[in-house]
2 protein chains.
Amino acid sequence: MALPTTTARQRALAVGLVGPGRVGSALLDQLRAAQPRLARAGLDLRLCGVAASRRMWLDIDDPELNGRHDSAQTWRPSNLDDFTAHLRGDDGRHALLIDCSASDAVASRYAQWLASGIHVVTPNKLASSGPLDRLQAIQAACGHGARFRYEATVCAGLPVVQTLRDLLDTGDELLAVEGMFSGTLAWLCNRHDGNRPFSALVREAHALGYTEPDPRDDLSGLDVARKLVILAREAGWSLSLDDVEVQSLVPPELAALPADEVMEHLHLLDASMARHVAQAQTQGCVLRHVASLDAKGHASVRLAVLPVSHPFAHTRLTDNIVQFTTHRYRENPMLVQGPGAGPEVTAAGVFTDLLRIAESLEVR
Amino acid sequence: MALPTTTARQRALAVGLVGPGRVGSALLDQLRAAQPRLARAGLDLRLCGVAASRRMWLDIDDPELNGRHDSAQTWRPSNLDDFTAHLRGDDGRHALLIDCSASDAVASRYAQWLASGIHVVTPNKLASSGPLDRLQAIQAACGHGARFRYEATVCAGLPVVQTLRDLLDTGDELLAVEGMFSGTLAWLCNRHDGNRPFSALVREAHALGYTEPDPRDDLSGLDVARKLVILAREAGWSLSLDDVEVQSLVPPELAALPADEVMEHLHLLDASMARHVAQAQTQGCVLRHVASLDAKGHASVRLAVLPVSHPFAHTRLTDNIVQFTTHRYRENPMLVQGPGAGPEVTAAGVFTDLLRIAESLEVR
């Protein structure tokens, strides 16, 4: 049911954004557009600051600009201590920090912010997939009421982390996860039929903006492994990145090159990938880039040869897909599928987390 | 992240169940198993009563039995007024009523209960898909803080209603919904390859317990149409059952028979279904039972001839699937797929709604 028009609970939420890049900017647009609707539903969402790496804006500097973020803003040098002190305020208000940076230094501050009562929401994978002791400190800091949410770290706006959480919270047990968590690698595997060299497809994907600036960052499988670690930990398994068996598509000779020489040496990918696709075709199968976690806690990211009847064989070009096998869904698993990257859908995943926290706020 | 162990917010929630049938009993089992875990997370869930159609149990009658539901219980004649008065209590506690009945009379009381502050959660489709004025009264009654949730009305425990809600609440716009909302009809269409008469498949599905006792209740498409109405209304479209163009698979001669003569006259289904599947096969396509809602608000439930490349062509036997096309997901839609029926997964969908409400409770 739609957010009800209500007079029952008027709650105020101060929001600060760290990292106004592509996702952060899309989120600011979405929040701004939603403010009137949220106000009718009893939520007074107030943007109190935006911090980039070098400079920041606080609403006290431009009170008339609230909710807008334009060139007339007054910027001061960035200082995250001052930023969060301002965000928290001194009147016991609800405060929420959104980290849309890709910064490990910012992730290292979550525990401290949460302990001081600031909710944290992020699409940044570094805290959830990074050192386990840092994540445990973050979890411990949540014991006092502030919440940490990160739906958009896995498959952007697709309902993945919350879905797994709901399965577990209602008493289900996770048996296995399989997924394709990289739209880039999904596209490359979908298109790689052996007719064109794999390197030509990587060049095309690069030109289309589907890959990272250095395509090795996609082809290494590391980003996919991070997502698998996040889901495993969500299910209570103490997995770390080092525990994931990752089959990198990047041969050592290509890995050794400086970044500016990579694009002209992509042909180094071709021999191995041609063998893989030929092997799949000989068996009447398809090649897919699959992350999986089994009931014994074994985690891997690799090229898999799948029968054409497999659900992963029929995804649309750049789709992500995740399949949960649980005690309740053990005969037929649950699947969620769709685009798993892009500023708008990633921002919407962050926004959903914000709404989930806002629903739980007490009137102050 | 797992429900944190917390001392920050201890909330109590009184729960009453109407309709202890297969879903209701599965839910009682799940709630009972979860109580210790929820208590550690700060939620004191207390089962205060269970009402069947003729008799009811209140915890004041057997204080030592709380959370259990067994043969030693003291039952009294059912009276929903007394039941809800007891559930609400007189100390301003949070109260939540779960309706697992299939009763229209119970659905007619939601508005009154919500207005009195009792949250309502249900897998019963009658309120959400029934008369629009009744649903509007329910929505109006939510304006004072009590909440009405019904995730399990569509595809049981799959994240469908909440996913649509999140898309809309974050500012996305629904353009179209397509889905297969009947596991029974999905199974029948998947298996119907023209080699065996359709009636033989219906008999087999009936013997396996996949169909309603009277299989016409599945074949009519009415239950699927109700789910489509629920999703359309979720998106703010004032659709009613009468607005859905429903292609019933039941020919008039079969529809006219009394219930006890249906099974021996299932052959009346065969000629028409054989034509449909032959037509699909001639085009190299498959036959699927599809509910759809387009951007113009046109809603239909029908047999569709789909190319083998369509995502609905490759579902597992009894899977439900729903595809949302929205402004943000307009190139590649979002898909959720999996078993959409069964007591355990339906109960888990209800339980998820309960948890969502519990998260939002203020400490009292």
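Note that residues are indexed from 1 along each chain, following the sequence as it is written. For naming, the first written chain is A and the first written ligand is 1, with later ones following in the order written. This being a predicted model, a pLDDT of at least 70 is required before a residue's local features are given, and a value of 80 or more before pairs of side-chain atoms are given or counted; all residues contribute to the totals for chains, interfaces and linings. Side-chain numbers here rest on the full set of heavy atoms in the structure, without hydrogens or water.

### Things to note about the domain arrangement of chain A
Residue and element names in this part refer to chain A.
Thought 1: Residue ranges for the domains originate in an automatic or database domain assignment. Taken as a whole, chain A is organised into domain 1 (11-157 + 344-359) and domain 2 (161-339).
Thought 2: If you average the C-alpha positions of domain 1 and of domain 2, the two centres end up 30 Å apart.
Thought 3: With 16 residues of domain 1 at the contact, the number on the domain 2 side is 16 residues.
Thought 4: The quantity reported as buried area is the accessible area (1.4 Å probe) lost by two parts once they are put together, taken as the sum for both. A combined buried area of about 1,400 Å² lies between domain 1 and domain 2, and 59% of that area is made up of carbon and sulfur atoms.
Thought 5: By the criterion of area lost to domain 2, the three top residues of domain 1 are S129, V154 and C155, representing 37% of everything that side buries.
Thought 6: Salt bridges are identified by distance alone: a Lys or Arg side-chain nitrogen within 4 Å of an Asp or Glu carboxyl oxygen. Linking domain 1 to domain 2 there are one salt bridge.
Thought 7: Between K125 and D223 there is a salt bridge; the shortest N-O distance is 3.3 Å.
Thought 8: We define a polar contact as two N or O atoms separated by no more than 3.5 Å, with the added condition that, inside protein, one atom must be a possible hydrogen donor and the other a possible acceptor, whereas residues neighbouring each other in sequence contribute only through side-chain atom pairs. Linking domain 1 with domain 2 are eight residue pairs in polar contact (both at pLDDT 80 or more), by the criterion used here.
Thought 9: Elements supplying a minimum of two residues to the side of domain 1 that touches domain 2: α5 (126-129) and α6 (132-141).
Thought 10: Per the convention used, a helix needs a DSSP run of H or I reaching at least four residues, while a strand needs a run of E reaching at least two, with both numbered from the N terminus. Element by element, the count of residues in the side of domain 1 that touches domain 2 is highest for α5, at four residues. Contacts: residue pairs with any heavy atoms within 4.5 Å of one another.

### Let's talk about the packing of aromatic side chains
All names here are of chain A.
Thought 1: Centres within 6.5 Å are what make two rings of Phe, Tyr or Trp a pair, Trp counting through its six-membered ring; a difference in plane orientation under 30 degrees is then read as stacked, over 60 as edge-to-face, and the rest as tilted. As enumerated under the stated definition, the model contains eight aromatic pairs over all chains in all.
Thought 2: Note on F148 and Y150: the rings are 5.0 Å apart at their centroids and 45° apart in plane angle, and the pair reads as tilted.
Thought 3: For each residue, the accessible area found with a 1.4 Å probe, counting protein chains only, is set against the maximum for its type, and the residue is called buried under 20%, exposed over 50%, and partly exposed in between. Since its relative accessible area comes to 4%, F148 is described here as buried.
Thought 4: A relative accessible area of 6% means that Y150 is categorised as buried.
Thought 5: Taken together, the ring pairs connect Y110, W113, F148 and Y150 into an aromatic cluster.

### Let's talk about the UniProt feature "active site" (unreviewed entry) in chain A
All names here are of chain A.
Thought 1: UniProt positions are given in the numbering used here, feature names are shortened, and annotations may be inferred rather than shown by experiment. Those residues carrying the UniProt feature "active site" (unreviewed entry) are K227 in this numbering.
Thought 2: Here K227 is to be found in helix α11 (residues 222-234).
Thought 3: Residue classification places K227 among the buried residues on the basis of a relative accessible area of 7%.

### Section: helix α13 (residues 270-282) of chain B
All names here are of chain B.
Thought 1: With 13 residues, α13 should reach 18 Å at 1.5 Å per residue; the first-to-last C-alpha distance of 18 Å fits that figure.
Thought 2: Those residues of α13 lying buried are D270, M273, V277 and A280. Across the axial projection of α13, the buried residues extend over an arc of 100°, all falling on one side. The exposed set on the far side of α13, more than 90 degrees from its buried face, consists of A271, R275 and T282.
Thought 3: Elements in contact with the buried residues of α13: α9 (198-207), β10 (285-293) and β11 (299-307).
Thought 4: Just past α13, the residue G284 takes up positive phi, approximately 70°. For a helix, the expected span equals 1.5 Å multiplied by the number of residues minus one. Our arc is simply the arc of the directions from the helix axis toward the C-beta atoms.

### Observations regarding the sheet that holds strand β11 (residues 299-307) of chain A
Thought 1: The rule for pairing is simple: two strands pair if DSSP sees at least two bridges between them. Strand order in the open sheet formed by twelve strands is β9(A)-β11(A)-β10(A)-β8(A)-β12(A)-β13(A)-β13(B)-β12(B)-β8(B)-β10(B)-β11(B)-β9(B), with mixed pairing between adjacent strands. Looking at the sheet topology across the chains shown, the edges are occupied by β9 (244-246) of chain A together with β9 (244-246) of chain B. Direction aside, neighbouring strands of the sheet carry axes that sit 30° apart on average.
Thought 2: As defined by bridge partners, strand β13 (residues 334-339) of chain A adjoins strand β13 (residues 334-339) of chain B across three bridges and the pair is classed as antiparallel. The residue bridging L335 of chain A from the neighbouring strand is Q337 of chain B, located in β13 of chain B.
Thought 3: Helix axes use the C-alpha atoms of the stretch in contact, all axes being lines fitted to C-alpha atoms, and the angles between their N-to-C directions lie in the range 0 to 180 degrees. Relative to the sheet, helix α13 (residues 270-282) of chain A contacts β10 (285-293) and β11 of chain A, its axis offset from that of β10 of chain A by approximately 105°.
Thought 4: Relative to β10 of chain B, helix α11 (residues 222-234) of chain B is tilted by about 45°, and along the sheet it contacts β8 (174-180), β9, β10, β11 and β12 (319-326) of chain B.

### Some points on unusual backbone geometry
Note: most peptide bonds trans; most residues except glycine with negative phi.
Thought 1: For C155 of chain A, which is not glycine, the phi dihedral falls at a positive 60°.
Thought 2: Take C155 of chain A: it is sitting in the loop between β7 (148-149) and α7 (161-169).

### Quick look at the sheet that holds strand β3 (residues 55-58) of chain B
All names here are of chain B.
Thought 1: An order of β4-β3-β2-β1-β5-β6-β7 is seen for the seven strands of this open sheet, with the pairing classed as mixed. A single partner strand is all that each edge strand has here, and the edge strands are β4 (76-77) and β7 (148-149).
Thought 2: Bridge count for strand β2 (residues 43-51) against β3 is three bridges, and the pairing is antiparallel. Bridge assignment links A51 to a residue of β3, and that residue is M56.
Thought 3: Along the sheet, helix α1 (residues 22-40) contacts β1 (11-18), β2 and β5 (94-99); its crossing angle with β2, the most-contacted strand, is approximately 155°.

### Section: the relation of the copies chain B and chain A
Thought 1: Fitting of the copies onto one another was done by least squares over C-alpha atoms, counting residues only where both copies have pLDDT of at least 70. When chain B is fitted to chain A, the best match, at an RMSD of 0.0 Å, comes from turning it 180° and sliding it 0.0 Å along the axis. Both chain copies can therefore be described as sitting about a two-fold axis. Residue S360 of chain B, judged by its C-alpha, is the member of chain B lying nearest the rotation axis, at 1.9 Å.
Thought 2: Most of the interface of chain B is mirrored in chain A, where 100% of its interface residues are also at the interface.

### Things to note about the environment of G284 of chain B
Thought 1: Note that G284 of chain B resides in the loop between α13 and β10.
Thought 2: Through-space distance from the C-alpha of G284 of chain B to that of V363 of chain B is 60 Å; in sequence the pair is 79 residues apart.

### Comments concerning the interface of chain B and chain A
Thought 1: Counting residues at the interface gives 57 residues for chain B and 57 residues for chain A.
Thought 2: Here chain B packs against chain A, burying approximately 5,000 Å² in sum over the two surfaces, 51% of which is carbon and sulfur.
Thought 3: At the boundary of chain B with chain A, the tally comes to six salt bridges.
Thought 4: Linking R328 of chain B and E344 of chain A is a salt bridge whose minimum nitrogen-to-oxygen distance equals 3.8 Å.
Thought 5: Across the contact surface, chain B and chain A share eleven residue pairs in polar contact (both at pLDDT 80 or more).
Thought 6: Mapped by element, the contributors of at least two residues to the side of chain B that touches chain A are α1, α7 (161-169), β12, β13 and α14 (343-359) of chain B.
Thought 7: Residue type decides the class: Asp, Glu, Lys and Arg count as charged, Ala, Val, Leu, Ile, Met, Phe, Trp, Tyr, Cys and Pro as nonpolar, and the leftover types, Gly among them, as polar. Each residue belonging to the side of chain B that touches chain A can be placed in one class, and the counts come to 22 nonpolar, 21 polar and 14 charged.

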